[in-house]
Amino acid sequence: MQRKKETVLRRRDVATLVAGIHGVTADHVRKVIRGDRENDQILATCMQIIENDNLLLQAAKSIVPFNPIDLQS
């Protein structure tokens, strides 16, 4: 019997993306985000990506109608 693959929707891993851009490890980026290390360029890149993701999500939500199912009827 085959198991069905479940689709899990989650946000992309910003730390891994930023690490690839700056040539560091994702762990290093996470330490910068936490404040354990200082790197203004990495932090600025993270904030820019997160802000753009939020704007994209807001735009998608404003376009796609959301009709909650009335479970009480």
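Please read these numbers as outputs of a predicted model, since none were measured by experiment.

Asks: In this structure, what is going on with the overall build of the chain? I would like to understand it.
Replies: Each helix and strand in the chain was counted, giving 3 helices and 0 strands. For the chain, the N- to C-terminal ordering of α and β elements is α-α-α. Classification of the 73 residues of the chain by burial places 18% in the buried group. Taking the contacts inside the chain whose residues are at least 6 apart along the sequence as the reference set, 38% of them involve residues at least 24 apart.

Asks: How should I be thinking about the pattern of salt bridges in this particular structure?
Replies: As a working rule, side chains carrying opposite charge can pair if their charged atoms are close by. For the structure on display, the rule yields 3 salt bridges. Residues Asp 36 and Arg 34 are paired through a salt bridge, measuring 2.9 Å at the closest nitrogen-oxygen approach. With respect to burial, Asp 36 and Arg 34 carry one shared label: exposed.

Asks: I tried to follow the confidence of the model for the chain on my own but got confused; where do I start?
Replies: Where the model shows low pLDDT, its predicted coordinates should not be examined in detail. Summing up the model confidence of the chain, the mean pLDDT is 85 and the portion of residues at 70 or higher is 74%. Highest mean pLDDT in the chain belongs to helix H2 (residues 26-34) (97); lowest belongs to helix H3 (residues 40-63) (93).

Asks: I would appreciate a short explanation of the side chain of His 28 in the present structure.
Replies: As for its position among the elements, His 28 is in helix H2. Not counting residues up to four positions away in its chain, the partners in contact with His 28 are Arg 37 and Ile 42.

Asks: Explain the nonpolar core to me, please; I cannot follow it from the model alone.
Replies: For soluble globular proteins, the rule of thumb is that nonpolar side chains tend to be buried together. Judged by nonpolar contacts, Val 14, Ala 15, Val 18, Ala 19, Ala 26, Val 29, Val 32, Ile 42, Cys 46 and Ile 49 together constitute the single largest core of 10 residues. A per-element tally of this core places helix H1 (residues 14-22) first, with 4 residues. Once residues lying within four places of it in the same chain are set aside, the contact partners of Ala 15 are Ala 26, Val 29 and Arg 30.

Asks: Which parts of the structure should I look at to understand H1?
Replies: Along an α-helix, a turn takes 3.6 residues, which lines up residues three or four apart on a common side. Within H1, the full set of buried residues consists of Val 14, Ala 15, Val 18 and Ala 19. The arc that holds the buried residues of H1, viewed along the axis, is 130°, so those residues lie on one side. Along H1, exposed side chains directed more than 90 degrees from the buried face belong to Gly 20 and Ile 21. Along its buried surface, H1 packs onto H2 and H3. For H1, the capping residue at the N-terminal end is Asp 13, with a side-chain oxygen 3.3 Å from the backbone nitrogen of Ala 15.

What counts as what
- Residues numbered from 1 in each chain as written.
- Predicted model: local features only at pLDDT ≥ 70, side-chain atom pairs only at ≥ 80, totals over all residues.
- Heavy atoms only, no water.
- Helix = DSSP H or I, 4+ residues; strand = E, 2+ residues; numbered from the N terminus.
- Buried < 20%, exposed > 50% of the residue type's maximum accessible area, 1.4 Å probe, protein only.
- Contact = heavy atoms within 4.5 Å.
- Salt bridge = Lys/Arg side-chain N within 4 Å of Asp/Glu carboxyl O.
- pLDDT = per-residue confidence, 0-100.
- Core = buried A, V, L, I, M, F, W, Y, C linked by side-chain atoms within 4.5 Å.
- Arc of directions from axis to C-beta.
- Polar contact = N/O pair within 3.5 Å; in protein donor to acceptor, adjacent residues only side chain to side chain.

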